[in-house]
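These are the residues of each chain, in order.
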Amino acid sequence: MSHPNADAPIIPEVHVPDNPVWPALGEAATKTLKTDIKKMLQEQNAVLVAHYYTDGEIQDLAEETGGCVADSLEMARFGTEHAAKTLVVAGVRFMGETSKILNNEKRVIMPDLAATCSLDEGCPKEMFSQFCDAHPEHTVVVYANTSAEVKARSDWVVTSGIALPIIKHLAEKGEKILWGPDKHLGRYVQRLTGAEMLFWPGSCVVHEEFRSVALERLRKLHPDAAILVHPESPEQVVDQADVVGSTTALIDAVKTMDHQEFIVATDAGIFNKMRQVAPDKVLLEAPTMGEGATCQSCARCPWMGMNSLQNLAEVLKNGSNEVEVSANLAAKARLPIQRMLDFAKTMRK
Ligand code: 13P
Ligand code: SF4
């Protein structure tokens, strides 16, 4: 295992909320709520952009109404290419902020502005800026799971779907990299690219809970299962993976691989789309804290859980929860995000 850089800052402890429990709605109430939301989306020239970790009803509604359910890279891109005047982002705050940064003229609203992310929370802008100032010879690459201010301090923004080719590209140019905030994703790309990197010591509280010993045990019980792991997971979990990748990459793996069984190490919200693309396959949750132990999130991001049909309808009704990013800050933060999107375009070609 690689060692953290000696001067890695001690980052603030992140308060992890309990997983929200939403009152069960029943079939008729759900149907009415969905009809109301569809009507309001249309009336307001709005489109719903959802992440794969949100509630399955929200994901399906996004697709049914011409919006999208996607990973964070595609969510960012979708908003820029859609003509709607309002983007309704169901996900966590950095996703809403990225949409606002890229579409400053559009209205961006979110079901709950308090839906944040442990990586974003664990990377305060002043501390991060000091770390960058102490290493001026490094190219600053930050994961999309950061605030607009941290993005504005960076040279490149990356998501899990594109981190590897971008770091490879920078390493080939001989650039030294200061990476933040997810140490696990950072180490994963360093190992594959050999890049010279310094790390911010942040992590995702959800993926951090996957346990390698318990995973080994589960693998023995299901020797024919393929192991799919999101790269925010700890190194010993990633080491056991058949596929390591973004949420989209993991969904594609379930669809395209011949295996009948999969053990999946990422937020359980992803099973909604996986079941749709491969209804006959067996999907197992990777173990979290081990038998008998408690876990904080149990593979359910508490911040993603703050999105529900109820508060989605509420924000459309009362027009609240608008994401604000000043034009000045957006202009600064847009450059490194646009660099990523342009890079992604050249890759697609
Ligand atoms: P993806 O970009 O792979 O969807 O990941 C976002 C995220 O927050 C994972 O925890
Ligand atoms: Fe952040 Fe982890 Fe939740 Fe993704 S799953 S939004 S990285 S806390």
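Shown above is the structure to which this text applies.
From a predicted model like this one, the values you see are computed outputs, not experimental measurements.

## A short note on empty space enclosed by the protein
Scanning all chains against the criterion turns up 2 cavities of 30 Å³ or more. Here the largest cavity defines a volume of roughly 250 Å³. Forming the walls of the largest cavity are 25 residues, and the residues nearest its centre are Y53, F94, N145, E232 and M304. Breaking the lining of the largest cavity down by element, the ones donating at least two residues are helix 4 (93-102) and helix 5 (118-121). If you add up the space inside the second largest cavity, you get close to 80 Å³. For the lining of the second largest cavity, the residue count by class is 8 nonpolar, 4 polar and no charged.

## Some details on the packing of helix 1 (residues 27-43) against helix 14 (residues 309-318)
At a closest axis distance of 10 Å, the pairing of helix 1 and helix 14 adopts a crossing angle of 35°. Seen along the crossing, helix 1 lies across helix 14 with a hand that is left-handed. Across the interface between the two elements, T30, L33, K34, I37, M40 and L41 of helix 1 pack against L309, Q310, L312, A313, L316 and K317 of helix 14.

## What about the layout of surface pockets?
There is about 510 Å³ of room inside the largest pocket. Lining the largest pocket are 27 residues, and of these W22, T54, D55, G56 and N307 sit closest to its centre. For the lining of the largest pocket, the secondary-structure elements that each account for two or more residues are helix 2 (56-64), helix 13 (271-277) and helix 14.

## Comments concerning the site of ligand 2
As a matter of local geometry, ligand 2 sits amid Y53, V92, C117, S118, L119, N145, C204, V206, E232, C301 and W303. At a threshold of 2 Å from the grid points, most atoms of ligand 2 map onto the largest cavity. Across the shell around ligand 2, the residue classes break down as 8 nonpolar, 2 polar and 1 charged.

## Some points on the sheet that holds strand 10 (residues 243-244)
Taken together, the 4 strands give an open sheet; going across it, the order is 10-9-11-12, and neighbouring strands pair in parallel fashion. Edge positions in the sheet fall to strand 10 and strand 12 (282-285), since each of these pairs with one other strand and no more. When strand 9 (residues 226-229) meets strand 11 (residues 261-265), the two strands line up parallel, connected through 4 bridges. Residue pairing for strand 11: L228 is matched across the bridge by V264. Contacts from helix 10 (residues 212-221) reach strand 9, strand 11 and strand 12, with the element oriented near 175° to strand 11.

## Quick word on helix 8 (residues 163-172)
Residues separated by three or four positions in an α-helix point in the same direction, a consequence of the helix having 3.6 residues per turn. Those residues of helix 8 not exposed but buried are A163, I166, I167 and L170. Seen end-on, helix 8 carries its buried residues on one side only, within an arc spanning 95°. In the segment just after helix 8, G174 is the residue with positive phi, at about 80°.

## Brief notes about the pairing of strand 3 (residues 86-90)
Within strand 3, 5 of the 5 residues are buried, which leaves it mostly tucked inside the rest of the structure. Along strand 3, one buried face is formed by T86, V88 and A90 and the opposite face, lined by L87 and V89, is buried too. Relative to strand 3, strand 1 (residues 46-51) runs parallel, the two sharing 5 bridges. Note that in strand 3 the partner of L48 across the bridge is V88. The pairing of strand 3 with strand 4 (residues 107-109) spans 3 bridges and is classified as parallel. Within the sheet, the bridge partner assigned to L87 lies in strand 4 and is V108. Read as a crossover between parallel neighbours, the route from strand 3 over helix 4 to strand 4 is right-handed.

Reading the values: rules and limits
Residues numbered from 1 in each chain as written. Chains lettered and ligands numbered in written order. Predicted model: local features only at pLDDT ≥ 70, side-chain atom pairs only at ≥ 80, totals over all residues. Heavy atoms only, no water. 1 Å grid on protein atoms, 1.4 Å probe; cavity = no way out; pocket = protein on both sides within 12 Å on 5 of 7 lines; lining within 4 Å. Points joined across faces, edges and corners; volume = space filled by probe spheres on them. Helix = DSSP H or I, 4+ residues; strand = E, 2+ residues; numbered from the N terminus. Nonpolar A, V, L, I, M, F, W, Y, C, P; charged D, E, K, R; others polar. Axes fitted to C-alpha atoms, helices over the stretch in contact; angles between N-to-C directions. Left-handed = near helix turned anticlockwise from the far one by under 90°. Contact = heavy atoms within 4.5 Å. Near = heavy atom within 4 Å. Sits in = over half its atoms within 2 Å of the grid points. Pairing = 2+ DSSP bridges. Buried < 20%, exposed > 50% of the residue type's maximum accessible area, 1.4 Å probe, protein only. Arc of directions from axis to C-beta. Right-handed = clockwise from strand over helix to strand, strands pointing away.

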